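What the coordinates show
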Amino acid sequence: MGKSLIRFMAVLLAAAACLGCVTFAAGSGGKEILRVGLFYGSTALPGANLENSVGSGYRFGWYDDSLMFHQLGSSAETQLSVVKTQNVTLSGGNYVDGTGSVTVGCYHLQRSASYASFEEAQAAASSVSGGFPAWIEGTYYVRVGAYATKEEALSAQNALSLSDATVVGTSGYAVTVVVTKTGKPVFQFDGGQGYSLGIQPGLDDSVQTVTWFKGYRYYGGFQYRRSGGNITVINIVGLEDYVKGVLPYEMSNSWPLEALKAQAVCARTYSATNSTSHASSGFDVCNNTHCQMYQGLNLANDRTDQAVEETAGEYVRYQGAPAITYYSASDGGATEDVRNIWDPTANLPHLKGVIDPYESDVADEISLYSWTVTVSKSEVAAKLQSKGYNCGTIVEAYVAELSETGNPKTVTFADANGKKWSFGPETLRLWFGLRSNRFTVGGGSGGGGGSYYVNGSSDTIGSISGAYVINGTGEMTAITDAPYVVTSSGTEVLGGGNTTSTGSSVTFTGSGYGHNVGMSQQGARAMALRGMDYVDILTFYFTGITVG
């Protein structure tokens, strides 16, 4: 083969993650208040229940573009639900489409008078059974009842002798606020296309409220957006309170404080650079792994709150601007350059791969740290064909190129006709359910030959079993994985062990969990256990950054 510069490729493989690729947004810092999407799209709700946990009662109104709350009215009720203005029923404690014990209908009786304030409308509403104030595109009215059919509404009009009333519905933007258990309306809001209902828990700002919603406790207020169907529910929350709701869901609340502080800074910075991907849905970030896990305060404790408070306002910065701070569960021994995972054209110098000597300290404590996935060659062929590649029987698979940190950069498949297709590791991770982007392709020979040159001579060996490599400082280490050569164009796997050319399957063997880019959460824990602080952690995983 004539290539003599052989390097050792780390035994521990793979990395992990829970974050998707997003767009960078520069700026001096993040937003002070965030809109967090809780239920939206396919998860949008027919009805959303609220219950006071800290504070009592609710204020109704709307949030302007600066997220300043404009109050329209209030209720002292402690359990309220916001429902779409279509027929919904109470079933199992939640308002749903279909049958249930309590029905909130979409027809109402509207009295002819209009009012200048919520208080005037509420006073007038109290004079008729089932009356409630409604704010309809800027004007207050009194409406009565919530009937499932127009006929029911007309019958109620006769029974109540409301000769001045007419039967009305609402636009597809409207919602009704009802007492949860009884379905009694207390307020209706129809702001048309321009305004969405906002609810601020508590009758004033004397305490920092906490509200139960869908089994989780949240700081802040809520916004309800609707356009003809179910309701998008958004949490309006201060940045630091948001980070308090992210941290214990992205990192164990029992981990060392300095690791938690590193995660807090990462989470805060990530929100600053990821505030546009959901703009079309009306919020800044979502509450799942597409952005960051955010489930409120259920798992928060004094340690996680301390980590947020002691780093309040601090960001990871590259050349002064908040830097994209991807992170993953574990890197298996090395992280990866973002260009080799998502975007070859990305100019993000702080997201370079680094060899990680720390994570191995805790590897034995990590469930499924080492993993193997075997895929039949017929499954590989079927996957390629489903993606539009005209391939025949797959006969060979191998890592064709390694990155500078020893992760696979390119994996090649060849069919019986001699055609080849090459893919990056992230593609294969998603296609075949691999746990990370740090892996080898096992078995057989091929890709570049079946032997290795050693000692800069013509001597060769047919296997790396029992072979050793000497590094630049004279240390000798056993080679336990596919060696590779450094060339002027990058790195190239040397022939032999890291290929599959025989048998009916392809075996991926790796370690870690996630996408490999940015900070390893397990590595952060290991560094903190060694006594390093959160700045040490962040500056190790993110190249050329500052924290401040």
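These remarks concern the structure in this document. All values derive from a computational prediction rather than experimental measurement. (Residues numbered from 1 in each chain as written. Predicted model: local features only at pLDDT ≥ 70, side-chain atom pairs only at ≥ 80, totals over all residues. Heavy atoms only, no water.)

We now examine the overall build of the protein chain. Along its length, the protein chain carries nine helices and 39 strands. Counting the 548 residues in the protein chain, one finds 53% classified as buried. Sequence separation of at least 24 residues holds for 71% of the intrachain contacts in the protein chain that already meet a minimum separation of 6. (Helix = DSSP H or I, 4+ residues; strand = E, 2+ residues; numbered from the N terminus. Buried < 20%, exposed > 50% of the residue type's maximum accessible area, 1.4 Å probe, protein only. Contact = heavy atoms within 4.5 Å.)

Take the packing of helix H4 (residues 257-272) against helix H5 (residues 302-310) next. Between two packed helices, the angle of one axis relative to the other and the distance separating the axes together describe the packing. Contact geometry for H4 and H5: axes closest at 8 Å, N-to-C directions at 60 degrees. In terms of orientation, H4 and H5 fall into the oblique class. Crossing of H4 over H5 shows right-handed handedness. Here Leu257, Leu260, Lys261, Ala264 and Arg268 of H4 come into contact with H5, specifically with Arg303, Thr304, Gln306, Ala307, Val308 and Glu310. (Axes fitted to C-alpha atoms, helices over the stretch in contact; angles between N-to-C directions. Parallel < 35°, antiparallel > 145°, perpendicular 65-115°, else oblique. Left-handed = near helix turned anticlockwise from the far one by under 90°.)

Turning to the nonpolar core, a few remarks are in order. Of all hydrophobic cores here, the largest spans 91 residues; its most connected members are Phe187, Leu197, Tyr224, Tyr242, Met519 and Leu538. The element contributing the most residues to this core is H4, with nine residues. Once residues lying within four places of it in the same chain are set aside, the contact partners of leucine 538 are Ala262, Val265, Cys266, Val316, Met519, Ile545 and Val547. Counting 23 residues, the second largest nonpolar core, distinct from the first, contains Ala397, Leu402, Phe439 and Val506. (Core = buried A, V, L, I, M, F, W, Y, C linked by side-chain atoms within 4.5 Å.)

Let's shift gears to the pattern of salt bridges. Considering all chains together, one arrives at 15 salt bridges under this definition. The partner of aspartate 337 in a salt bridge is arginine 339, and the shortest N-O contact between them spans 3.0 Å. Judged by its relative accessible area of 9%, aspartate 337 is buried. In this structure, glutamate 401 and lysine 409 form a salt bridge, with 3.7 Å as the shortest nitrogen-oxygen distance. Residue class for lysine 409 comes out partly exposed when judged on its relative accessible area of 31%. One connected set of salt bridges, linked through shared partners, spans Lys31, Arg35 and Asp284. (Salt bridge = Lys/Arg side-chain N within 4 Å of Asp/Glu carboxyl O.)

Turning next to the packing of aromatic side chains. According to the stated counting rule, one finds 24 aromatic pairs in the structure shown. Note on phenylalanine 118 and phenylalanine 187: the rings are 5.7 Å apart at their centroids and 65 degrees apart in plane angle, and the pair reads as edge-to-face. You can see phenylalanine 118 sitting in helix H1 (residues 118-125) and its partner phenylalanine 187 sitting in strand S15 (residues 185-190), a full 69 residues away along the chain. In terms of burial, phenylalanine 118 and phenylalanine 187 fall into one category: buried. Their ring planes at 90 degrees and their centres at 6.2 Å tell us that tryptophan 135 and tyrosine 195 sit as a pair that is edge-to-face. Of this pair, tryptophan 135 sits in strand S11 (residues 131-136) while tyrosine 195 sits in the loop between S15 and strand S16 (197-201); the two residues are 60 residues apart in sequence, bridging distant segments of the chain. (Phe/Tyr/Trp six-rings, centres within 6.5 Å; stacked < 30°, edge-to-face > 60°.)

Before going further, it helps to spend a moment on helix H6 (residues 377-386). Every α-helix winds through 3.6 residues per turn, so residues three or four apart in the chain are directed the same way. Turning to H6, its buried residues number three or more, namely Lys377, Val380, Ala381 and Leu384. All buried residues of H6 project into a common sector of 100 degrees when viewed along the axis, lining one side. Opposite its buried face, H6 presents the exposed residues Ser378 and Ser386, each directed more than 90 degrees away. Directly after H6, the chain includes glycine 388, whose backbone phi takes a positive value near 95 degrees. (Arc of directions from axis to C-beta.)

What follows is about the sheet that holds strand S20 (residues 231-238). Spatially, the seven strands line up as an open sheet ordered S5-S4-S16-S19-S20-S2-S21, and their pairing is mixed. The open sheet terminates on both sides in strands that have one partner only, identified here as strand S5 (69-75) and strand S21 (285-286). Direction of pairing for S16 relative to strand S19 (residues 221-226): antiparallel, over a ladder of three bridges. Residue pairing in the sheet places leucine 197 in a bridge with tyrosine 224 of S19. (Pairing = 2+ DSSP bridges.)

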